[in-house]
Amino acid sequence: MTARTMTPTTLPDKVWERHVVHEGGADEPDLLYIDLHLVHEVTSPQAFDGLRAEGRRVRRPDLTVATMDHNVPTTGLDQPIADPISAKQIEVLEANCDEFGVTLYPMGDPHQGIVHVIGPELGLTQPGMTVVCGDSHTATHGAFGSLAFGIGTSEVEHVLATQTLPQVRPKTLAVNVEGELPAGVTAKDIILAVIGELGTGGGIGHVIEYRGSAIRALSMEGRMTVCNMSIEAGARAGLVAPDDITFAYLKEKPHAPKGDAWDEAVAEWRTLVTDEGAVFDKEITIDASSLTPQITWGTNPGQVLPLSGSVPDPDSFDSPAAREVAARALAYMGLTPGTRLRDIAVDTVFIGSCTNSRIEDLRAAAAVFEGRQVAPKVRTLVVPGSGQVKAQAEAEGLDKVFTAAGAEWRSPGCSMCLGMNPDQLSPGERSASTSNRNFEGRQGRGGRTHLVSPAVAAATAVSGHFASPADLA
Amino acid sequence: MQPVHVISGTALPLDRSDVDTDQIIPSDWLKRVERTGFGKGLFAEWRDDRNFVLNAPEYAGATILVAGPNFGIGSSREHAVWALTDYGFQAVISPRFGDIFYNNSTKAGLVPVVVEPDVDEALLRAIKADPALEIHIDIERLTVSAPAAGIEATFPLDPFTQHRILEGLDDVGLTLRHAADIDAFEKARPGWLPVTTA
């Protein structure tokens, strides 16, 4: 390891410096060691092909783990996959993991699930690590104080072959969320408000450290929701300093250190804080006590407003470019300026995705559904993030609450977040979704997505139009 | 990767900001296990609109894409880069790129050119006025120019990436020069760090 610097250092820089294999200097980027590489079926086949073409092996299969999530159906798992191209991609991952000796949690395995849900619940994601995956929501793992970021397929191949990545060091951005969240306001509302403040590009070139009393008060599930959407503000990584909440979550997880090794690890993890006096390249502060439930109205996650607001008028934006962007978004979304967001009716509600499919998310949704019914004609899907989340929810009887309310209880996967499996919106269909992207066509060609928290999604399912739990009689 | 020194050709104006990778290549195209054939899926949904600029005959054969800010935000899918190169683009010009898309481009033979917003706007205006306008991107000098429109600007590229593009070098091969450093680093890692095997 490189010598630890004595000058005050930010947490992102600390984790970075502890992973530099070769310092690049002026002529090349630093070469970083990767502690954990998560692999799924969509962004890996061409990387394994690249290894084969060059006669290379996976350098550290023991630091690599694979699962199937993007493509998998969430119903009828006892049946063959209907889409032959999806089926092929699943088969190719199985064959590649077999050939290169990579541990795989396949469909139907009790530990299968969304890659960003299973890493933490297996205890593979730990503080201070570097974690990569061919998926932009890899920042989720930053909730543990690890430096976790999404990579492309060429980089997947590079990590498989060398367990390292050449990287230009990002700038640092402190997002301070101070104060107490009002009742009914969640981690999802924090991150949507942060993205609204930074815009889709505000975090480009930066790693975010989420700080402040409102972040410290969040559970690990909440911190994962916040870090997960860092990329929607342009930041490849976002992290939270580990603390007793982190350690309590990790203790006894299958791959967490045991015995003396646990104590040794915790002592090391306690050094993972931004030093007093360390300076970030950029800093913003959000007042948590002023936040209310948030909802997106447009076609990127930066186009977000409080639920109490109305569809904005494109003419209200400053520049001609911004006016055009807003007008195009409203045309796609089929919305009229001035419409109260609470008056917008939905066809579908999706509760799931790597942003909001953990047990706490499902408990929040179930608390709203308890003793209530989904509004007529609203299709409501509840898709747990993993086999473990599914089992836990069923042990708590949450599945019964969902089905009694008229929602569908599914098997784990990415599902309608990106519509690579049969769970999709039809053209013109409108959803309330707990996922992370409201891009055009994201949930199915022509589909119209509004991003919200699990509590708002559930209340919306009951009302038939956008609502918070407080709105329900 | 093939070595690239200069890219010269006509350009296509995609005058939109926040073009995300879901638009560049929609997710139903991501089920393929090959690296080729993605050009047909480029901007698949927008192409259904006959008025979309990619369908305009005057821009047929363009090898440079000029876009608004925040190009390539969103998903990490390298398929977005493969779709652009498979279609015939060799470079994309924008005031700001999504980080992952930018990295993916430099690994997969697409040159990302970051210019000031006023240069981007001037280029968009010039190619809308004259679709046959020649644009030159010089990777040795790090300049982008459209002489007939009187536009010339420089763009940033870190020296390592510039060197890799000019020489067409394989990243893994370059990293393996540091194999001894990787071995040494691995030996010093704490024993309590997790492994994925049982």
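In case you missed it, the structure is sitting above this.
(A) Region of interest: the nonpolar core. The biggest cluster of nonpolar side chains holds 110 residues, and the ones touching the most others in it are Phe369(A), Phe402(A), Phe43(B), Phe71(B) and Leu84(B). Contacts of Phe71(B), omitting those with residues within four sequence positions, involve Leu14(B), Val19(B), Ile24(B), Phe43(B), Leu65(B), Leu84(B), Val92(B), Ser94(B), Arg96(B), Phe97(B), Gly98(B) and Phe101(B). Of all hydrophobic cores here, the second largest spans 92 residues; its members include Val20(A), Cys97(A), Val115(A) and Ala288(A).

(B) Here's a closer look at the sheet that holds strand β4 (residues 64–67) of chain A. Residues and elements named next belong to chain A. With parallel pairing, the five strands of this open sheet are ordered in space as β5-β4-β3-β6-β7. The open sheet has two edge strands with one neighbour each: β5 (103–105) and β7 (147–150). Going from strand to strand, the sheet's axes swing by 20° on average, the running direction of each strand aside. In the sheet, strand β3 (residues 36–39) pairs with β4 via three bridges, with the strands oriented parallel.

(C) Representation of the side chain of Asn438(A) in the model. Residue and element names in this part refer to chain A. With respect to the element layout, Asn438 can be found in the loop between β18 (430–433) and β19 (448–451). Of the polar contacts made by the side chain of Asn438, one reaches the backbone oxygen of Gly298; its length is 3.0 Å. The residues contacting Asn438, other than those within four sequence positions of it, are Thr296, Gly298, Thr299, Asn300, Pro301, Thr449 and Leu451.

(D) Highlighting the interface of chain B and chain A. Facing the 61 residues of chain B at the interface are 87 residues of chain A. Carbon and sulfur atoms make up 55% of the surface buried where chain B meets chain A, a total of about 5,900 Å² over both sides. Sorting the residues of chain B by area buried against chain A places Lys31(B), Trp192(B) and Thr196(B) first, and these three jointly supply 15% of that buried surface. Across the chain B-chain A interface, the total number found is eleven salt bridges. Among the ionic pairs, Glu28(A) bridges to Arg177(B), the shortest N-O distance being 3.4 Å. Joining chain B to chain A, the criterion identifies 37 residue pairs in polar contact (both at pLDDT 80 or more). If you list the elements that add at least two residues to the side of chain B that touches chain A, you get α1 (21–24), α2 (79–87), α3 (99–107), α5 (159–167), α6 (171–175) and α7 (179–188) of chain B. No other element matches the six residues that α7(B) contributes to the side of chain B that touches chain A. Counted by class, the side of chain B that touches chain A contains 21 nonpolar, 16 polar and 24 charged residues.

About the cut-offs
Residues numbered from 1 in each chain as written. Chains lettered and ligands numbered in written order. Predicted model: local features only at pLDDT ≥ 70, side-chain atom pairs only at ≥ 80, totals over all residues. Heavy atoms only, no water. Core = buried A, V, L, I, M, F, W, Y, C linked by side-chain atoms within 4.5 Å. Buried < 20%, exposed > 50% of the residue type's maximum accessible area, 1.4 Å probe, protein only. Contact = heavy atoms within 4.5 Å. Pairing = 2+ DSSP bridges. Helix = DSSP H or I, 4+ residues; strand = E, 2+ residues; numbered from the N terminus. Axes fitted to C-alpha atoms, helices over the stretch in contact; angles between N-to-C directions. Polar contact = N/O pair within 3.5 Å; in protein donor to acceptor, adjacent residues only side chain to side chain. Buried area = accessible area lost by both parts, 1.4 Å probe. Salt bridge = Lys/Arg side-chain N within 4 Å of Asp/Glu carboxyl O. Nonpolar A, V, L, I, M, F, W, Y, C, P; charged D, E, K, R; others polar.

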